[in-house]
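# An overview of the molecular structure
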Amino acid sequence: MRTKMENTKVMTVNNNRYRLGYHIMGPAGWINDPNGFCYFKGYYHIFYQFYPYSAEWGPMHWGHARSKDLVNWESLPIALTPGDPEDRNGCFSGSAIVKDDTLYLIYTGHHYYDGDDNPDHFWQNQNLAFSTDGIHFEKYAHNPIIATAPDDNTQHFRDPKVWQRNGQYYLVLGSQGSDKLGRTLLYRSKDLKKWNYLGPIASARPEANEGYMWECPDLFTLAEQQVLLTSPQGIKADGHRFLNLHETGYFVGRLDYGRPSLADRSNFTELDHGHDFYASQTTLAPDGRRIVMGWMAMWESNMPEQADGWAGALTVPRELTLKSGHLWMRPARELKALRTATMLDQVMHLEQPVTLRPKHRQAEINMTADLTTTSAAVIQLQLKTNQELVTLTYDQANNQLVLKRGDRPDKRYAHLTQSSAELQLNVFMDTSSLEIFVNDGDAVFTERFYSETQPHFEITSNQVIQGHVTLYDLKKHTVAF
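Now for a description of the structure that goes with this document. The shown structure was predicted, so the numbers you read here are calculated from the model rather than taken from an experiment.

The rules behind these values
- Residues numbered from 1 in each chain as written.
- Predicted model: local features only at pLDDT ≥ 70, side-chain atom pairs only at ≥ 80, totals over all residues.
- Heavy atoms only, no water.
- Pairing = 2+ DSSP bridges.
- Helix = DSSP H or I, 4+ residues; strand = E, 2+ residues; numbered from the N terminus.
- Phe/Tyr/Trp six-rings, centres within 6.5 Å; stacked < 30°, edge-to-face > 60°.
- Lys NZ or Arg CZ within 6 Å of the ring centre and 35° of its normal.
- Buried < 20%, exposed > 50% of the residue type's maximum accessible area, 1.4 Å probe, protein only.
- Core = buried A, V, L, I, M, F, W, Y, C linked by side-chain atoms within 4.5 Å.
- Contact = heavy atoms within 4.5 Å.
- Salt bridge = Lys/Arg side-chain N within 4 Å of Asp/Glu carboxyl O.

What follows is about the sheet that holds strand E20 (residues 310-311). Spatially, six strands are ordered E20-E1-E2-E3-E4-E35 in an open sheet, and the strand pairing comes out mixed. The open sheet terminates on both sides in strands that have one partner only, identified here as E20 and strand E35 (479-480).

Attention now moves to the packing of aromatic side chains. According to the stated counting rule, one finds 19 aromatic pairs in the structure shown. Connected via pairs of aromatic rings, a cluster forms that spans Phe47, Trp62, Tyr107 and Phe137. Looking at Arg19, its charged tip hangs above the ring of Trp310, at a distance of 4.9 Å from the centre. Cation over ring: Arg339 sits above Tyr472, and NZ or CZ is 4.0 Å from the ring centre.

Within strand E13 (residues 213-222), nine of the 10 residues are buried, leaving the element largely enclosed by the surrounding structure. Bridge analysis of E13 against strand E14 (residues 225-233) gives eight bridges, and the strand direction is antiparallel. Among the inter-strand pairings, Phe220 is bridged to a residue of E14, identified as Val227. Adjacent in sequence and paired antiparallel, E13 and E14 are bridged by two residues, among which Ala223 carries a positive phi angle near 50 degrees.

The next subject is the nonpolar core. By size, the foremost hydrophobic cluster in this structure holds 39 residues, and its most contacted members are Ile46, Trp73, Leu271, Leu320 and Leu327. For this core, the element with the highest residue contribution is strand E2 (residues 43-51), accounting for four residues. Beyond its immediate sequence surroundings of up to four residues, Ile46 is in contact with Ile24, Pro34, Asn35, Phe37, Gly63, His64, Ala65, Trp73, Met293 and Leu314. Core analysis: the second largest hydrophobic core is formed by 37 residues, Ile379, Leu383, Ala414 and Phe445 among them.

This brings us to the pattern of salt bridges. Taken as a whole and assessed by the stated rule, the structure comprises 30 salt bridges. Put simply, Glu210 and Arg265 hold a salt bridge, and the shortest N to O gap is 3.4 Å. In this pair, Glu210 is assigned in the loop between strand E12 (195-203) and E13 and Arg265 in the loop between strand E16 (261-263) and strand E17 (269-270), connecting sequence segments 55 residues apart. A salt bridge links Glu447 to Arg405; the nearest nitrogen and oxygen atoms lie 2.8 Å apart. One end of the pair, Glu447, is in strand E32 (residues 443-448); the other, Arg405, is in strand E28 (residues 400-405), with 42 residues separating them in the sequence. Here Arg405 falls in the buried class, since its relative accessible area comes to 6%. Beyond isolated ion pairs, a larger network of salt bridges with shared partners links Asp287, Arg289, Glu319, Arg333 and Glu334.

Now the structure itself:
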């Protein structure tokens, strides 16, 4: 049963026990995918799928926040509200671009059929809105700008990501072909208003395990190669891979605008190995870095904060780099400004359990373990209260990371792509979230956890290992509602 539009009472938060200290959340209500990530008139802008009338998913609006530094965020009024003919049942995900000193949003309009209450019966189009101040948005009078999907498509036709190249505009769309396999479509425009369909650039291969629908596509260049970042639905679990309900990951190749196609594309690779990462979107920072944020949840995840009047959050911003066909994802360097105090900074021997007790629920750990004298070390990082919350184990012999949580039975796994004489962990803890970056972002795990008491960390090793550990106290209240 789909959520009705009749709800008119805005949700409020009735308990702050799980509210995050330095992550973007909605003022209350439900949020999911980040949208419209961009830089405009001195601010980073991030929008997000938002339902202000319930802590459960409903007709999607666009929530909005902005920041000058990727650390301190200001919550702004809702940018897009559904209900017009072009977006009657939802303003679904999309992106943003700056043209002629104006910020344009391109988004998907979601529509159900009259008298049909089946949530799988819908149609989708693409629409335009614009703003000169980056706060107040007007929908284009001649929406939709892309009215229908190609003839060989199903009703799944959404999440436009736009960019400019050589004086023209391009966008990719997530879709499902009539063969019920996921794919990414390419369009071109001279003015953002009239779009020509060029064709699919990549499709799930029938013989491969690549999903039945590709959501939230994002196409960009790193290291002179093109990266197609997308969130496929329907990839089946394969051993220790693809264990979430839906995945977020990438293909690397070479975009041929003429054919069009993503030539010589790699196999699909997961971007984040945790339980709670989906629907990522990137932007290009003014200094040329590729910055990404994701939804810090997953559709099958338990969300105890719903009882408190809210649900969902966005990850911290992260920098992407491409090396040897592998995407590395590290915390944005601006996040160092979160540090308010150094609680610990010393060399330790990790064969004895080391306990780290953050003063507050917002903390960062940097740890470097020397592996030059070992070949079979097992190093464990635990987040605990009176019980295990999250445990990450590194097994040096097989170069494998295993993460488990106390509240669910399904583990998550990753292998480091490059061997190293060190194990580096950079861990960001917030009230109910944990983001773990391993070896400068070679592998990343994003997790939610729920504890009403102050947790602490324990680090152990099965061998004599020297480690350097730094514990920082971090800012709280970096999002002004």
